2 protein chains.
Amino acid sequence: MKKKLIKPRTLKGFRDYLPNRMIVRERLIDTAREVYRSFGFAPIDTPAMEYSEILLGNGSDETDKQMFRFEDNGKRDVSLRFDLTIPFARFAAEHLNEVGTPFKRYHVGPVWRAEKPQAGRYREFVQCDFDTIGTVSNAADIETLFVIHDLFVELGFSNFTIRVNNRKVLNGLLDSLNLRDRSTEILRSLDKLTKIQAAGVKKELTESVGLSDNQAEKILSLISAEGTTDEILTQLDGLLTESDEGAQGVTDLRELFATCEVSGIPTERVELDVSIARGLNYYTGTIYETFLNDLPGIGSVCSGGRYDNLASLFTSQALPGVGASLGLDRLLAAMDELELLPSQSTTAVVLVTCFDRNHQADYLRIARQLRAAGLPTEVFPDAKNLGKQLGYASNKGFRVALIAGDNEFESGSWQIKDLAKGEQQTVSEYELICQVRELLEE
Amino acid sequence: MKKKLIKPRTLKGFRDYLPNRMIVRERLIDTAREVYRSFGFAPIDTPAMEYSEILLGNGSDETDKQMFRFEDNGKRDVSLRFDLTIPFARFAAEHLNEVGTPFKRYHVGPVWRAEKPQAGRYREFVQCDFDTIGTVSNAADIETLFVIHDLFVELGFSNFTIRVNNRKVLNGLLDSLNLRDRSTEILRSLDKLTKIQAAGVKKELTESVGLSDNQAEKILSLISAEGTTDEILTQLDGLLTESDEGAQGVTDLRELFATCEVSGIPTERVELDVSIARGLNYYTGTIYETFLNDLPGIGSVCSGGRYDNLASLFTSQALPGVGASLGLDRLLAAMDELELLPSQSTTAVVLVTCFDRNHQADYLRIARQLRAAGLPTEVFPDAKNLGKQLGYASNKGFRVALIAGDNEFESGSWQIKDLAKGEQQTVSEYELICQVRELLEE
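Thresholds applied
- Residues numbered from 1 in each chain as written.
- Chains lettered and ligands numbered in written order.
- Predicted model: local features only at pLDDT ≥ 70, side-chain atom pairs only at ≥ 80, totals over all residues.
- Heavy atoms only, no water.
- Pairing = 2+ DSSP bridges.
- Helix = DSSP H or I, 4+ residues; strand = E, 2+ residues; numbered from the N terminus.
- Axes fitted to C-alpha atoms, helices over the stretch in contact; angles between N-to-C directions.
- Salt bridge = Lys/Arg side-chain N within 4 Å of Asp/Glu carboxyl O.
- Buried < 20%, exposed > 50% of the residue type's maximum accessible area, 1.4 Å probe, protein only.
- Contact = heavy atoms within 4.5 Å.
- Buried area = accessible area lost by both parts, 1.4 Å probe.
- Polar contact = N/O pair within 3.5 Å; in protein donor to acceptor, adjacent residues only side chain to side chain.
- Nonpolar A, V, L, I, M, F, W, Y, C, P; charged D, E, K, R; others polar.
- Core = buried A, V, L, I, M, F, W, Y, C linked by side-chain atoms within 4.5 Å.
- Domains from an automatic or database assignment.
- Expected span 1.5 Å × (residues − 1).
- Bend = angle between axes of the 7 residues up to and from the residue.
- Parallel < 35°, antiparallel > 145°, perpendicular 65-115°, else oblique.
- Left-handed = near helix turned anticlockwise from the far one by under 90°.
- Lys, Arg positive; Asp, Glu negative; His and termini not counted.
- Least-squares fit on C-alpha atoms with pLDDT ≥ 70 in both.

Visitor: Sorry if this is basic, but what is going on with the sheet that holds strand S2 (residues 49-51) of chain A here?
Guide: Strand pairs in the sheet, formed through backbone hydrogen bonds, run parallel or antiparallel to each other. Residue and element names in this part refer to chain A. With antiparallel pairing, 3 strands are arranged side by side in an open sheet as S2-S4-S3. Each end of this open sheet is capped by a strand with a single partner; those strands are S2 and strand S3 (69-71). Between one strand and the next, the sheet's axes are offset by a mean angle of 35°, whatever the strand orientation. In the sheet, S3 pairs with strand S4 (residues 77-80) via 3 bridges, with the strands oriented antiparallel. Residue Arg69 lies in a different strand from S4, and its bridge partner there is Ser79.

If you want it as structure tokens, here you go:
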């Protein structure tokens, strides 16, 4: 009787990573980790699954609907994490005595959201977050900017802009307009600026949020400030004479730009953009968004900001901090669009072909020698037609193939094939490693 | 009104990774990936969550109980993966046309099991698997052994033993004794050899499994063969005269040991152990177990074998292969026990202290220069008491601290403190990077 087969498939909104894409994803993650580490951020990990109570926090219905939530075998109400921020808040509250402050951590891991899948949006994706907590020093804010800058340089991008703003500026203005208690709705409107323009925002602020014409205009003049960084900062000074908080925001921004300059961060890569607000009330100081100028349409690929209190749900101890999150999968999609993804699907550079099954031990032996010399080397396992083996090597993106049969072994030599050029040469085994190296360096 | 706090805690059987442990876990994973890559294994990833139908396969009730299984928001019956083998089988069946054969993949990722937590066993743990599929060549079996060997050498172990056997040997004997259809029960008994010894196994084979005395003795004489590798192989030859499969198993083992020898794998690290059976019927050829000789009690830390058919649940195409799985968390526990875990919890080596808030921009600037020179450098964000900052640096495992105030900036110099020795010296900023390098190389 023929057995019924199960159709191999993934769930809607989930997907496999094949080698060509996964090799790039691993490279991106490695680069991010290396940059984070170079600043002294240390890795942590937290469970994929937590008590729903912890992950829901004071979340909205929207968050709730986005969670994969269920009852485990022990009747516990559990959920899969939908970001790395709430687990970090829980972690910080739980382990703060052990890790101390300031505490700089990075966390790379998958998160899950039961949202409707769309182009480029999946129900499972990897986040790469980094944060410095336990300090209110602007040094940490400036370093966050440095991290984002170095990250994109190391990832291979040159044409990117980090837009910076400081929420104290807007909060200061709202204070002086007696509008601080309406900040959530106002922020929500301001986030639509690129979509509905200044006129649309003004209409919404006056008609829906209920601001006076004067109030709406003051806010709009703040977020529409233009000119050089210095000119904008001077305009802000003028608008914020009545608010200490606002003035502090301007001071922090000035210090940030001055430090970028003395530290050699190219000025064109960091832009003061008083229009960015990053909707969440959670942010209280510097905020960051990062755009690839060749692909502005995909939005910010690395965003974050300063917050006053990371873990207020879990501890009465105030935990201020600053950090950002790299949208790894969005970046992968961007690289795909910019044709920056290589088609290579091998991790090795040399393929030792199996020309004659009787010499298998020699193929395995020589591969081991090449590996010991630092050359990633694969051995083709079967004595298939040589053309097929070379085709395999070319398709996967190997650089060099080695071939040897009775003749070569009698004379102690190998044939080296440069797969890009199609050229082939015979060398003695003594010279083999040097010759392969030379070929690879060409 | 005081807000009620949520108690920060993880679920039973789950845990956080703090930096000191996570730094080691990342190093282990990086090393494993580097070794896999050096052999041409390419990374893949699959979703954490799949249709339960796929993950259950023809699983037992036991597997079923171990799965985190639930209904998602779309009423789908889904589960978290409990190993990386079944997702790979599904992946192979789904993408085989695209990836071709032979296909060599590694996969590093968390898996989840709802089993009773015990010492060293958690409900979430990371697996590091590698497999070669689409070939029956013994070359792939031999390379699997090479991978395991290189893996443990690169991980920093020298005193380990890889025990190898070939299931064809036992299967051949069972064939010639007409017992092939009882292999599952027989294997289950043989797996208890170390626990209940030969006499216990014989009793079980005759009394519970129903073998004749003669049959049980033949099996026991096979799995008790002793002597040098050559001597054991000769004894096996004698026991397996009536079985082609058995003879093939012996031939494969001979080739494996001969290739190890010509390839320079130290003979004491690979041991023919005819007593290992690895319970699962799934394995059909070479099998591997790896033991740390300083900690035999923790069992095998890297195990695997050859199988005839990876994906029979999902495709009618036969997919033979061979591979193994590194028990990463078991290894971490072992390193903990062997006191091989460093206490270091920083990823940086240099701490730039904040001696004077007014020089913050200089601290950030110099840190950037050190990083550009390849020296991971952290800046302390707050102008706290210098002793506290140096204490922070020592506790975390920094090697060097830099200190500078007005005096130093006037003379263009920095104070370098060697945190291990407690020695301090003053150097000009021009010499700073060289001096720090020299200190680190001491």
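Visitor: So what exactly am I meant to see when it comes to the pattern of salt bridges here?
Guide: Two side chains bearing opposite charge may form a pair once their charged atoms approach each other closely. Residues and elements named next belong to chain A. Scanning all chains against the criterion turns up 64 salt bridges over all chains. Between Asp77 and Arg69 there is a salt bridge, and its shortest N-O distance comes to 2.6 Å. For Asp77, a relative accessible area of 34% puts it in the partly exposed group. In this structure, the salt-bridge partner of Arg163 is Asp273, at a minimum N-O distance of 3.9 Å.

Visitor: When you look at the interface of chain A and chain B in this model, what are you seeing that I'm missing?
Guide: Where interface size is quoted, it is often the accessible area lost as the parts come together. Counting residues at the interface gives 104 residues for chain A, matched by 105 residues for chain B. Taking both partners together, chain A and chain B bury about 9100 Å²; carbon and sulfur atoms supply 56% of that area. Ranking the residues of chain A by area buried against chain B places Ile6(A), Leu11(A) and Arg368(A) at the top, with a combined share of 8%. For the interface between chain A and chain B, the tally reads 18 salt bridges. Arg357(A) is the salt-bridge partner of Glu255(B), the closest N and O atoms lying 2.8 Å from each other. If you look at where chain A meets chain B, you find 50 residue pairs in polar contact (both at pLDDT 80 or more). No other element matches helix H1 (residues 19-38) of chain A, which puts 9 residues into the side of chain A that touches chain B. Across the side of chain A that touches chain B, the residue classes break down as 48 nonpolar, 22 polar and 34 charged.

Visitor: I would appreciate a short explanation of the environment of Arg15(B) in the present structure.
Guide: The residue Arg15(B) is located in the segment before helix H1 (19-38) in this model. Through-space distance from the C-alpha of Arg15(B) to that of Phe125(B) is 9.7 Å; in sequence the pair is 110 residues apart. Residue contacts for Arg15(B): discarding those within four places in its chain leaves Pro47(A), Thr10(B), Arg21(B), Tyr122(B) and Asp329(B). Among the polar contacts listed, one links the side chain of Arg15(B) to the side chain of Tyr17(B), at a separation of 2.8 Å.

Visitor: Just to check I follow, could you spell out the nonpolar core for this structure?
Guide: Side chains of nonpolar character tend, in soluble globular proteins, to be buried together. Of all hydrophobic cores here, the largest spans 96 residues; its most connected members are Leu402(A), Tyr36(B), Phe152(B), Ile219(B) and Leu326(B). Setting aside anything within four residues of it in sequence, one finds Leu326(B) in contact with Ala32(B), Tyr36(B), Gln127(B), Cys128(B), Leu151(B), Phe152(B), Val301(B), Cys302(B) and Leu331(B). Judged by nonpolar contacts, the second largest core, of 95 residues, contains Phe39(A), Ala334(A), Ala367(B) and Ile416(B).

Visitor: Can you help me understand the domain arrangement of chain A in this one?
Guide: All names here are of chain A. Domain annotation of chain A identifies domain 1 (11-159 + 293-345), domain 2 (168-266) and domain 3 (350-441). For domain 1 and domain 2, the distance between their C-alpha centroids amounts to 27 Å. On the domain 2 side, the residues contacting the 6 residues of domain 1 number 8 residues. In this assembly, domain 1 packs against domain 2 so that about 630 Å² is buried in total across both faces, 77% of it on carbon and sulfur atoms. Looking only at domain 1, the three residues that lose the most surface to domain 2 are Asn138, Ile142 and Phe146, adding up to 62% of its buried area. For the pair domain 1 and domain 2, the interface holds 0 salt bridges. Where domain 1 touches domain 2, the interface holds 2 residue pairs in polar contact (both at pLDDT 80 or more). Class assignment of the residues belonging to the side of domain 1 that touches domain 2 gives a composition of 3 nonpolar, 2 polar and 1 charged.

Visitor: Please explain the sheet that holds strand S13 (residues 377-379) of chain B as it appears in this structure.
Guide: Residue and element names in this part refer to chain B. If you trace the 5 strands from one edge of the open sheet to the other, you get S13-S12-S14-S15-S16, paired in mixed fashion. In this open sheet, the two edge strands, each paired with only one partner strand, are S13 and strand S16 (424-428). This sheet shows a mean twist of 25° between the axes of neighbouring strands, independent of strand direction. Sheet topology note: the strand S15 (residues 413-418)/S16 ladder contains 5 bridges and is antiparallel. The partner of Trp414 across the bridge, within S16, is Val427.

Visitor: Got a minute to help me understand helix H4 (residues 85-99) of chain B in this structure?
Guide: Note: α-helices contain 3.6 residues per turn, so residues at a spacing of three or four share the same orientation. Between its terminal C-alpha atoms H4(B) stretches only 17 Å, short of the 21 Å expected from 15 residues at 1.5 Å a residue. Ala93(B) marks where H4(B) bends most, by close to 50°. If you check which residues of H4(B) are buried, you get Ile86(B), Pro87(B), Phe88(B), Ala89(B), Arg90(B), Phe91(B), Ala92(B), His95(B), Leu96(B) and Val99(B). Those residues of H4(B) that are buried are in contact with H1 and helix H14 (386-396) of chain A together with strand S2 (49-51), helix H2 (52-56), strand S5 (103-112) and strand S6 (124-133) of chain B. After H4(B) finishes, the residue Gly100(B) shows a positive phi value of roughly 70°.

Visitor: What is the right way to look at the packing of helix H8 (residues 193-207) of chain B against helix H9 (residues 213-223) of chain B in this model?
Guide: Axis angle and axis distance: for two packed helices, these are the angle between their axes and the distance between the axes, and together they describe the pair. All names here are of chain B. For the pair H8 and H9, the least separation of the axes is 7 Å and the interaxial angle reads 155°. If you check the angle between H8 and H9, you find them roughly antiparallel. As H8 runs across H9, the sense of the crossing is right-handed. Residue-level inspection shows Leu193, Ala198, Val201, Lys202, Leu205 and Thr206 of H8 in contact with H9, the latter providing Asp213, Ala216, Glu217, Ile219, Leu220 and Ile223. Looking at the contact of H8 with H9 residue by residue, the classes come out as 8 nonpolar, 1 polar and 3 charged.

Visitor: Where do I start with the side chain of Asp129(A) in this structure?
Guide: Residue and element names in this part refer to chain A. Assignment of secondary structure puts Asp129 in strand S6 (residues 124-133). For the buried Asp129, no salt bridge is present, and the opposite-charge side chain at shortest range is Arg105, 4.3 Å distant. Within the structure, Asp129 has its side chain in polar contact with the side chain of Ser325 (distance 2.6 Å). Setting aside residues up to four positions removed in sequence, Asp129 forms contacts with Tyr36, Leu84, Thr85, Arg105, Tyr106, His107, Ala324 and Ser325.

Visitor: Looking at this structure, I do not really get the pairing of strand S10 (residues 302-307) of chain A. What am I missing?
Guide: Each regular strand shows side chains that alternate between the opposite faces of the sheet. Residues and elements named next belong to chain A. Most of S10 sits out of view: 6 of its 6 residues are buried. Examined bridge by bridge, strand S9 (residues 283-292) and S10 share 3 bridges and lie antiparallel to one another. In the strand pairing of S10, Ile287 is matched with Gly305. Strand direction decides the pairing type here: S10 and strand S11 (residues 321-327), joined by 6 bridges, are antiparallel. By the bridge assignment for S11, Gly304 is matched with Ala324.

Visitor: Can you walk me through the relation of the copies chain A and chain B in this structure?
Guide: Think of it as a corkscrew move, a rotation about one axis and a shift along it, taking one chain copy to the other. After a rotation of 180° and a shift along the axis of 0.0 Å, chain A superposes on chain B with an RMSD of 0.0 Å. Interpreted geometrically, this transformation is the action of a two-fold axis. Among all residues of chain A, the minimum C-alpha distance to the rotation axis is found for Phe70(A), at 3.2 Å. With an isologous cut-off of 70% or more, the 100% of interface residues of chain A that recur at the interface of chain B puts this contact in the isologous class.

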